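Structural overview
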Amino acid sequence: MASEPDASEISAVFERMVRNRDLTLFLPFIFGLSNAASRREGEDSSPENENEESAQRERIILINPFTQGMVVIDGASSLEALLRDFGRGKGGRPPASKESIDALPCFKIEEGDEGECVICLEEWEAGGEVKEMPCKHKFHPNCVEKWLGIHGSCPVCRYEMPIDEETGKKRDEEDGEERRRRIGREVWVSFSFNGEGRRNENSNQAPSDDSNDS
Amino acid sequence: MIDFSRVQKELVECGKDVEGSGIKLNIKGDSLARLIGSIPGPIGTPYEGGIFKIDITIPDGYPFEPPKMQFTTKVWHPNISSQSGAICLDILKDQWSPALTLKTALLSVQALLSSPEPDDPQDAVVAQQYLKDYQTFVGTARYWTETFAKASSLGIEDKVKKLAEMGFPEAQARSALDAVGGDENLALERLCS
Ligand SMILES: [Zn+2]
Ligand SMILES: [Zn+2]
């Protein structure tokens, strides 16, 4: 199985994380890997496991000892893809800084100017105002200010406006959290170390053969 | 607040070019917040010949937030959930821009049908199959198109829905219809016996 991670692959991955300083994202986690081979030789005689396909998918298990949470990521196509997903900025561009929005020049629409504001799809009206971005794309002041307050990039060409360093950082953290929740088919399991038993919460239609306690 | 005047304009614009694009947008109920989009399967793909319906929900923040789109026609594709119809496409998430429209978003979904990205899957099972056994993938995708996305099969879907509304489980209704060749009354008889 090509995507079956072996020790060298994992260590290479860790090296890269250290290099990219992504390691902080993973520190609370202990990695576990599980795949079909080990499962089939194991205790796999329970009837739920008759589904060959689900048993053959790899699983990646992350354990957070502090919150006593464990996440089983089912069917991640490979460790590589999963980590790429973790590392990639997925929340879109953070808001443009207030100063950069305020600094956009305003123009009056002249008689005979053709076109429309692509945000609200209203055609230009002579005498009205437009704001021009550094990339020369024009929008209604209200329309573009609202958008840049959410994502700091041009709606048309994705020209990137300066962002506020502070909010940028904060959003990155939130996005990390969000990303973690979104990836793959995840099965969240809460457990406790002092043997109070555990609850198994199935977050979506992932196969339920993860709990081998009976 | 949803910018309804923009949605209205988009509906008109899209309606003007149905011939050219094949992309249709219809209002689902009496609100502009729920729409049904439909896209023809791209030629030269296992989806060719199918018409795929997509449920669209316009969020309050539209067009500053992306529309929510989900296939209601079952489709076998690495970036679309074979269970729920959820779509994994960046422009419907963090790469949304208000310069996009419902029509251009649907065109992007259509493009996704032509060029799957198995490395960023929505459906891990389909993606594995795509990567490891491409021929089987094509066969399954084509079979799903034939079964769920063809005009004749749309008829079946309606009948299944009707029977389901009468209280029969959908799977049973479907297999009963299959067994009697799609005749609604015979299927009903079968379900009642
Ligand atoms: Zn505008
Ligand atoms: Zn621009």
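It should be emphasised that the depicted structure is a prediction, and the values quoted were computed from it without experimental measurement. (Residues numbered from 1 in each chain as written. Chains lettered and ligands numbered in written order. Predicted model: local features only at pLDDT ≥ 70, side-chain atom pairs only at ≥ 80, totals over all residues. Heavy atoms only, no water.)

Right, let's get into the confidence of the model for chain B. Across chain B, the average pLDDT comes to 91, with 97% of residues at or above 70. Reported confidences for the modelled complex are a pTM of 0.61 and an ipTM of 0.76. (pLDDT = per-residue confidence, 0-100.)

Residues and elements named next belong to chain A. Strand order in the open sheet formed by 3 strands is β4-β5-β6, with antiparallel pairing between adjacent strands. Edge positions in the sheet fall to β4 (106–108) and β6 (138–139), since each has one partner strand and no second. The pairing of strand β5 (residues 129–132) with β6 spans 2 bridges and is antiparallel. From the neighbouring strand, Glu132 faces β6, where its bridge partner is Lys138. (Pairing = 2+ DSSP bridges. Helix = DSSP H or I, 4+ residues; strand = E, 2+ residues; numbered from the N terminus.)

It is worth spelling out the UniProt feature "active site" (unreviewed entry) in chain B at this point. All names here are of chain B. In the numbering used here, UniProt assigns the "active site" (unreviewed entry) feature to Cys88. Mapped onto the elements of the fold, Cys88 is located in the loop between β4 (68–71) and α3 (102–114). Accessibility expressed as a relative area gives 12% for Cys88, which makes it buried. If we ignore the near neighbours within four places in the chain, the residues touching Cys88 are Asn79, Lys93, Leu112, Asp120 and Gln122. (UniProt positions renumbered as here; feature names shortened; annotations may be inferred. Buried < 20%, exposed > 50% of the residue type's maximum accessible area, 1.4 Å probe, protein only. Contact = heavy atoms within 4.5 Å.)

What follows is about the packing of aromatic side chains. Residue and element names in this part refer to chain B. Applying the stated criterion across every chain, the model contains 8 aromatic pairs over all chains. Centre to centre, the rings of Tyr130 and Tyr134 are 5.2 Å apart; their planes meet at 85°, and the pair counts as edge-to-face. Note on Tyr130: relative accessible area 18%, which makes it buried. Since its relative accessible area comes to 41%, Tyr134 is described here as partly exposed. (Phe/Tyr/Trp six-rings, centres within 6.5 Å; stacked < 30°, edge-to-face > 60°.)

Residues and elements named next belong to chain A. Surrounding the zinc ion (ligand 1) are the protein donor atoms Cys117 (SG), Cys120 (SG), His140 (ND1) and Cys143 (SG), which sit 2.1 to 2.4 Å from the metal. Coordination geometry of the zinc ion (ligand 1): the 4 donor atoms subtend angles of 91 to 117° at the metal centre, consistent with an arrangement described as tetrahedral. Each donor residue of the zinc ion (ligand 1) belongs to the same chain, and together they define the spacing C-x2-C-x19-H-x2-C. No difference in accessibility class separates Cys117 from Cys120, as the two residues are buried. (Donors = N, O, S within 2.8 Å, 3.2 Å for Na, K, Ca; no water. Tetrahedral: all angles 85-135°; square planar, octahedral: opposite > 155°, others 65-115°.)

Turning next to the coordination of the zinc ion (ligand 2). All names here are of chain A. Here the zinc ion (ligand 2) is held by the protein donor atoms Cys135 (SG), His137 (ND1), Cys154 (SG) and Cys157 (SG), which lie 1.9 to 2.3 Å from it. For the zinc ion (ligand 2), the single-chain donor residues occur in sequence as C-x1-H-x16-C-x2-C. One end of the pair, His137, is in the loop between β5 and β6; the other, Cys157, is in the loop between α7 (141–148) and α8 (165–182), and 20 residues separate them in sequence. Note on His137: relative accessible area 27%, which makes it partly exposed.

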